[in-house]
Amino acid sequence: MPRRHRDDSAASRKYHNRVAKQYDQIYDDRYWEFHDELTWRAIKLHLPKSTSGAVLDLGCGTGKWGLKLLKSGFPTTLVDHSPNMIDQARAKAETLGPRSKHATFLVADIIDLHDLPDNHFALSLAMGDPLSICSDPASAVSEIFRTLKPDGIVIATADNKLAALDHFLERGDIDALETFLRTSRTNWLTDDSREQFPLTMFTPHTLRRLFEKSGFQILDLTGKTILPLRKHKHLLENPDTLQRLLQLEHDLAKDPTSPARASHLQIIAQKQNS
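So, here is what we can say about the structure in this document. Owing to the predicted nature of the structure, the values given are computational and were not obtained by experimental measurement.

In the sheet, strand 2 (residues 76–80) pairs with strand 3 (residues 103–107) via five bridges, with the strands oriented parallel. Each residue of the ladder has a partner; that of Asp-80, found in strand 3, is Val-107. Between the parallel pair strand 2 and strand 3, the chain is carried across by helix 5 (residues 83–93), and the sense of this crossover is right-handed.

Below you can see the structure in the form of structure tokens.
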């Protein structure tokens, strides 16, 4: 592995190890509840028909999605490059009783999943933007393709490049903006410079091409959230308004141009049965 890839992974792992115990609290608010509801609605449409179908949660963090799949009855493999995140996910799984026996935990970088078999998983999730965090998104997508069964589904999210433009303009940093637009790379913003690992961001077009180059058929590409609700979280406190906003997100997602204004991109793709 090139040295830059090792260094990038080390900085990301250092950050995620440090925040593992507080990670759930960081994302405990109305906006992320709304975001998660959108995510689960997408996942439910693509759950394996049989609970014998193995599923994979890449960049699992503390286990939000992998453990939800485990509780739904699927044998689940949870993967993260942070040992501390895996420890948190494993501790949660142990509270699930007999179901915990169907969970497998692996500390690994998603660009190299050599411990996982070929053509094995019916569904792979890569939520929380691990494709943006990892050092080599193309290798990660190739590994997802390799480990999926024919006709298997991947649902993944990534940071939206177009949503990051304001960050540079607000700081008046045109040099950095030019570099970002040329490379699609910026840094995770954290106070400790030793933890400022690079991020790769995507436009809807470049994310689609990333998956197509690995052989995937794209089933859907949308944004989360299209409505700028991180700035208007108070609107989510009213249950009736919440349901209306969920419906509006659903309706907006039907427009193929809408992902361009979202904070994150979500892609659903299928490995073709050759």
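Either a parallel or an antiparallel arrangement is found when strands of a sheet pair, and the pairing is made through backbone hydrogen bonds. Spatial strand order, 3-2-1-4-5-9-8: seven strands in an open sheet with mixed pairing. The open sheet has two edge strands, strand 3 and strand 8 (216–224), and neither has a second partner. When the angles between neighbouring strand axes are averaged without regard to direction, this sheet yields 15°. Looking at chain direction, strand 4 (residues 121–126) and strand 5 (residues 148–159) are connected through five bridges and run parallel. Note on strand 5: the bridge partner recorded for Leu-125 is Ile-155. Across the face of the sheet, helix 4 (residues 64–71) comes into contact with strand 1 (55–58), strand 2, strand 3 and strand 4 while running at roughly 170° to strand 2.

Packing of helix 3 (residues 30–44) against helix 4 brings their axes to within 12 Å, and their N-to-C directions diverge by 45°. When the axis of helix 3 is compared with that of helix 4, the two are oblique. Relative to helix 4, helix 3 is oriented so that their crossing is right-handed. Contacts from Asp-36, Thr-39, Trp-40 and Ile-43 in helix 3 reach Lys-64, Trp-65, Lys-68 and Leu-69 in helix 4. Partitioning the contact of helix 3 with helix 4 into residue classes produces four nonpolar, one polar and three charged.

Right, let's get into unusual backbone geometry. Between Lys-224 and Thr-225 the backbone carries a cis peptide bond, its omega angle lying at -15°. You can see Thr-225 is positioned in the loop between strand 8 and helix 11 (239–252). Of note in this structure, Asp-129 is not a glycine but carries a positive phi near 65°. Positive phi, close to 75°, is recorded for Asp-151, a residue that is not glycine. As for its placement among the helices and strands, Asp-151 is situated in strand 5. For Asp-151, a relative accessible area of 39% translates into the label partly exposed.

Right, let's talk about the packing of aromatic side chains for a bit. This model, assessed by the stated rule, comprises eight aromatic pairs. An angle of 50° between the planes, with centres 6.0 Å apart, marks the rings of Tyr-15 and Phe-197 as tilted. Taken together, the residues Tyr-15 in helix 1 (residues 3–19) and Phe-197 in the loop between strand 6 (185–187) and strand 7 (198–200) connect sequence positions 182 residues apart. In terms of burial, Tyr-15 and Phe-197 fall into one category: buried. Sitting over the ring of Phe-180, Lys-161 keeps its end group 5.9 Å from the ring centre. For the cation-ring pair, Lys-271 lies above Phe-145, with the distance from its terminal atom to the ring centre recorded as 4.8 Å.

The next thing to look at is the packing of helix 3 against helix 11. Helix-helix packing is characterised by the crossing angle of the two axes and by the distance between the axes. Where helix 3 contacts helix 11, the axes come no closer than 11 Å and their chain directions differ by 50°. Put simply, helix 3 runs oblique to helix 11. As for how helix 3 packs across helix 11, the hand of that crossing is right-handed. Between helix 3 and helix 11, the contacting residues are Phe-34, Glu-37, Leu-38 and Arg-41 on the first element and Leu-242, Gln-243, Leu-245, Leu-246 and Glu-249 on the second.

What follows is about the environment of Asp-255. Tracing the backbone through its elements, the reader meets Asp-255 in the loop between helix 11 and strand 9 (264–271). Residue classification places Asp-255 among the partly exposed residues on the basis of a relative accessible area of 36%. Measuring from C-alpha to C-alpha, the distance between Asp-255 and Thr-222 comes to 8.6 Å, with 33 residues separating the pair along the chain.

Attention shifts here to helix 3. The α-helix winds at 3.6 residues per turn, so residues separated by three or four positions along the chain end up facing the same way. Taking 1.5 Å of rise per residue, 15 residues should cover 21 Å, and helix 3 covers 21 Å from first to last C-alpha, within 8% of that figure. The complete set of buried residues in helix 3 reads Tyr-31, Trp-32, Phe-34, His-35, Asp-36, Leu-38, Thr-39, Trp-40, Ala-42 and Ile-43. Buried residues along helix 3 sit in contact with helix 4, strand 4, strand 5, strand 8, helix 11 and strand 9. Its side-chain oxygen at 3.1 Å from the backbone nitrogen of Tyr-31, Asp-29 defines the N-terminal cap of helix 3.

Procedures and definitions
Residues numbered from 1 in each chain as written. Predicted model: local features only at pLDDT ≥ 70, side-chain atom pairs only at ≥ 80, totals over all residues. Heavy atoms only, no water. Pairing = 2+ DSSP bridges. Helix = DSSP H or I, 4+ residues; strand = E, 2+ residues; numbered from the N terminus. Right-handed = clockwise from strand over helix to strand, strands pointing away. Axes fitted to C-alpha atoms, helices over the stretch in contact; angles between N-to-C directions. Contact = heavy atoms within 4.5 Å. Parallel < 35°, antiparallel > 145°, perpendicular 65-115°, else oblique. Left-handed = near helix turned anticlockwise from the far one by under 90°. Nonpolar A, V, L, I, M, F, W, Y, C, P; charged D, E, K, R; others polar. Buried < 20%, exposed > 50% of the residue type's maximum accessible area, 1.4 Å probe, protein only. Phe/Tyr/Trp six-rings, centres within 6.5 Å; stacked < 30°, edge-to-face > 60°. Lys NZ or Arg CZ within 6 Å of the ring centre and 35° of its normal. Expected span 1.5 Å × (residues − 1). Polar contact = N/O pair within 3.5 Å; in protein donor to acceptor, adjacent residues only side chain to side chain.

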